[in-house]
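Letter by letter, the chains look like this.
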Amino acid sequence: MKYISSFLIAVALLCSSCSSQETMEELTARVFERAAVQLPILDKNLDSAALSNPAQAIYPRSIKRDGSFWTSNYKWWCSGFYPGSLWYVYEYTGDEAFIEKVYRASLDYLKLWEIGENNLVVHRGGSWDWADWGSKADMTAIENAWIYYALSAMEEMADVLGKSEDATFLAERKTAIAEGYKTLWTEDGYKSKDVRKPDDRANALAVLSGIAEEEQYGDGDVAAHNRQHSRIVGEHAEHLLRE
């Protein structure tokens, strides 16, 4: 009887925990509400850290075992998570203060890419000249779709903050890249001279970024039957297929 009673108590506790489990909407709200409090604290810590090393751009990383603030520079592959988080929290809360923190740095970063005579971005190499872990990546098509995608987000920031001059620059840059991207179109999908066959990643990003024209969406055959992507970048191709 003792064991039966213990079992019944355990079941009751389990059921009570199930009934109080958060819904996805509740979980989302709790996470974003906490992030909206934590991110300004990170920002204050960044200000303090920047005073000791003003010549280097720094980003928050974690808290060390001794409780001290752990930062990174732009070379750390996760350094973009912080500004990306600020954008997500802005979208959820509508608080413009979150994007004001990263607006100028984000704009200056995108201006590093020049536009070539073919109206496509001039490729910038570096220590991580990388498109994806998967094979046969169409670097030209992928890079231009990513930049176009980023310019669109930046254009939205400029509109929100009333930066009309920047918004004009961003719109003109997008128009130029869109014209150049048209030259990559083939009857099988977007493809540059970098590859022999259309890349699923590039074509998915072309649709998701908005650089592809609607009549070129097709039925998703490129993304469905030419899968060479990694798990990370493949999320974009699979999102296209679900749409």
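Everything that follows concerns the structure shown earlier in this document.
This write-up is about the structure you can find in this document.

Parameters and conventions
Residues numbered from 1 in each chain as written. Predicted model: local features only at pLDDT ≥ 70, side-chain atom pairs only at ≥ 80, totals over all residues. Heavy atoms only, no water. Helix = DSSP H or I, 4+ residues; strand = E, 2+ residues; numbered from the N terminus. Buried < 20%, exposed > 50% of the residue type's maximum accessible area, 1.4 Å probe, protein only. Areas by Shrake-Rupley, 256 points an atom, 1.4 Å probe, with all protein chains shown as cover. Phe/Tyr/Trp six-rings, centres within 6.5 Å; stacked < 30°, edge-to-face > 60°. Lys NZ or Arg CZ within 6 Å of the ring centre and 35° of its normal. Pairing = 2+ DSSP bridges. Patch = residues over 30% accessible without salt bridge, like charges linked within 9 Å, V, L, I, M, F, W, Y side chains within 5 Å. Salt bridge = Lys/Arg side-chain N within 4 Å of Asp/Glu carboxyl O. Expected span 1.5 Å × (residues − 1). Contact = heavy atoms within 4.5 Å. Arc of directions from axis to C-beta. Core = buried A, V, L, I, M, F, W, Y, C linked by side-chain atoms within 4.5 Å.

1. Here we look at the overall build of the chain
Then, number 1: Assigned secondary structure in the chain consists of 10 helices and 4 strands.
Then, number 2: For the chain, the succession of helices and strands along the chain, N to C, is α-α-β-β-α-α-α-α-α-β-β-α-α-α.
Then, number 3: Per-residue burial for the chain yields a buried fraction of 35% across its 243 residues.
Then, number 4: Summing over all exposed atoms, the chain offers an accessible surface of approximately 15600 Å²; the carbon and sulfur share of this is 54%.

2. Quick notes on the packing of aromatic side chains
Then, number 1: According to the stated counting rule, one finds 7 aromatic pairs in the structure shown.
Then, number 2: Here tryptophan 77 and phenylalanine 81 contribute two aromatic rings whose centre-to-centre distance is 5.9 Å and whose plane-to-plane angle is 75°, an arrangement assigned as edge-to-face.
Then, number 3: When its relative accessible area of 52% is taken as the criterion, tryptophan 77 is described as exposed.
Then, number 4: Centre to centre, the rings of tryptophan 185 and tyrosine 190 are 4.8 Å apart; their planes meet at 70°, and the pair counts as edge-to-face.
Then, number 5: In this structure an aromatic cluster arises from ring pairing among Tyr181, Trp185 and Tyr190.
Then, number 6: The ring of tryptophan 76 has arginine 61 lying over it, and the distance from NZ or CZ to the ring centre is 4.1 Å.
Then, number 7: Positioned above the aromatic ring of tryptophan 113, the side-chain terminus of arginine 124 is 4.9 Å from the ring centre.

3. Describing the pairing of strand S1 (residues 59-63)
Then, number 1: Sheet topology note: the S1/strand S2 (residues 69-72) ladder contains 4 bridges and is antiparallel. Bridge pairing in S2 links tyrosine 59 to serine 72.
Then, number 2: Connecting S1 to the next strand, S2, in antiparallel fashion are 5 residues, including glycine 67 with a positive phi near 90°.

4. Focus: a nonpolar patch on the surface
Then, number 1: On the surface, a cluster of nonpolar side chains totalling about 690 Å² of accessible area is made up of Trp77, Phe81, Trp128, Trp130 and Trp133.
Then, number 2: Position of tryptophan 133 relative to the elements: it lies in the loop between helix H5 (103-110) and helix H6 (139-161).
Then, number 3: Residue tryptophan 133 is classed as exposed on the basis of its relative accessible area of 56%.

5. Some details on H6
Then, number 1: Its 23 residues give H6 an end-to-end C-alpha distance of 33 Å, which sits within 8% of 33 Å, the value for a rise of 1.5 Å per residue.
Then, number 2: Two residues or fewer after H6 comes glycine 162, characterised by a positive phi angle close to 70°.

6. Describing the environment of leucine 120
Then, number 1: For leucine 120, the position within the fold is in the loop between H5 and H6.
Then, number 2: Exposure remark for leucine 120: the relative accessible area of 4% places this residue in the buried category.
Then, number 3: With 59 residues separating them in the primary sequence, leucine 120 and glutamate 179 have C-alpha atoms 8.3 Å apart.
Then, number 4: Filtering out sequence-adjacent residues up to four positions away, leucine 120 remains in contact with Glu114, Ile115, Thr140, Asn144, Ile177, Gly180, Tyr181 and Leu184.

7. Looking at H5
Then, number 1: Buried within H5 are the following residues: Tyr103, Ser106, Leu107 and Leu110. For H5, the buried positions fall inside an angular range of 95° around the axis, keeping them on one side.
Then, number 2: Against helix H4 (97-100), H6 and helix H7 (164-182) lie the buried residues of H5.

8. Here's the deal with the nonpolar core
Then, number 1: If you look at the biggest cluster of nonpolar residues, it comprises 43 residues, and the most contacted ones within it are Tyr103, Ile147, Met154, Ile177, Tyr181 and Ile211.
Then, number 2: Elements represented by at least two residues in this core include exactly helix H2 (24-52), helix H3 (81-93), H4, H5, H6, H7 and helix H8 (200-209).
Then, number 3: The dominant element in this core, judged by the number of residues it contributes, is H6, at 10 residues.
Then, number 4: With residues up to four places along the chain from it excluded, the contact list for isoleucine 147 reads Leu110, Trp113, Val121 and Ile177.

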